[in-house]
Amino acid sequence: MNSDVNSFLISFGFAVIFIGGIYFFMFRKNPKYRKSLRSECNKEVLGEIIEYKDPKFGDETIKVKYKVNGKTYILKSEVNRIKTDVQRLGRVPISFTEKTGFYLKVGGKVKVLYKEDDPTIAYIEGNLGE
């Protein structure tokens, strides 16, 4: 009896994790979903970069602090870059440079666009590559 309950709970836990993973990858990582959220962000505020994580140590991310109606919010975002100045040897690309749409420095100012009804839904203007 006890082993049946344990196996049910383990199976249920795996199912919840599996369904959560599907939700995450289908909706949160889906560019169409992100673009639909971006279209709802109609207010702008100036934010400050409070943390920058170098890509040498994992994903390149930044944290931005911004205030709306006296309340402080923190936005964590991956830095998206676009490739520029692709050097080719014939048709084969051999090197390229990448750039962001804003200056990456702790203390730097960036424009944050947010949803008026829910300021937690926000993105950094100029975060390229999406």
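Colleague: What is the right way to look at the nonpolar core in this model?
Modeller: Soluble globular proteins: nonpolar side chains tend toward being buried together. In this structure, Ile-62, Val-64, Tyr-66 and Val-112 are the most contacted members of the largest nonpolar core, which totals 15 residues. Mapped by element, the contributors of at least two residues to this core are β1 (43-53), β2 (61-68), β3 (71-78), β6 (109-114) and β7 (122-124). Considering each element in turn, this core owes the most residues, 4 residues, to β2. Leave out the neighbours within four places in its chain, and Val-64 touches Gly-47, Glu-48, Ile-49, Ile-50, Tyr-73, Ile-74, Leu-75, Val-110, Val-112 and Ile-124.

Colleague: Teacher, can you tell me more about the pairing of β3 here?
Modeller: Residues in a regular strand project their side chains so that they alternate between the two faces of the sheet. Sheet topology places β2 next to β3; 8 bridges connect them, and they run antiparallel. For Lys-65, the partnering residue across the bridge sits in β3 and is Ile-74. Counted between consecutive antiparallel strands, the loop separating β2 from β3 contains 2 residues, among which Asn-69 sits at a positive phi close to 50°.

What counts as what
- Residues numbered from 1 in each chain as written.
- Predicted model: local features only at pLDDT ≥ 70, side-chain atom pairs only at ≥ 80, totals over all residues.
- Heavy atoms only, no water.
- Core = buried A, V, L, I, M, F, W, Y, C linked by side-chain atoms within 4.5 Å.
- Buried < 20%, exposed > 50% of the residue type's maximum accessible area, 1.4 Å probe, protein only.
- Helix = DSSP H or I, 4+ residues; strand = E, 2+ residues; numbered from the N terminus.
- Contact = heavy atoms within 4.5 Å.
- Pairing = 2+ DSSP bridges.

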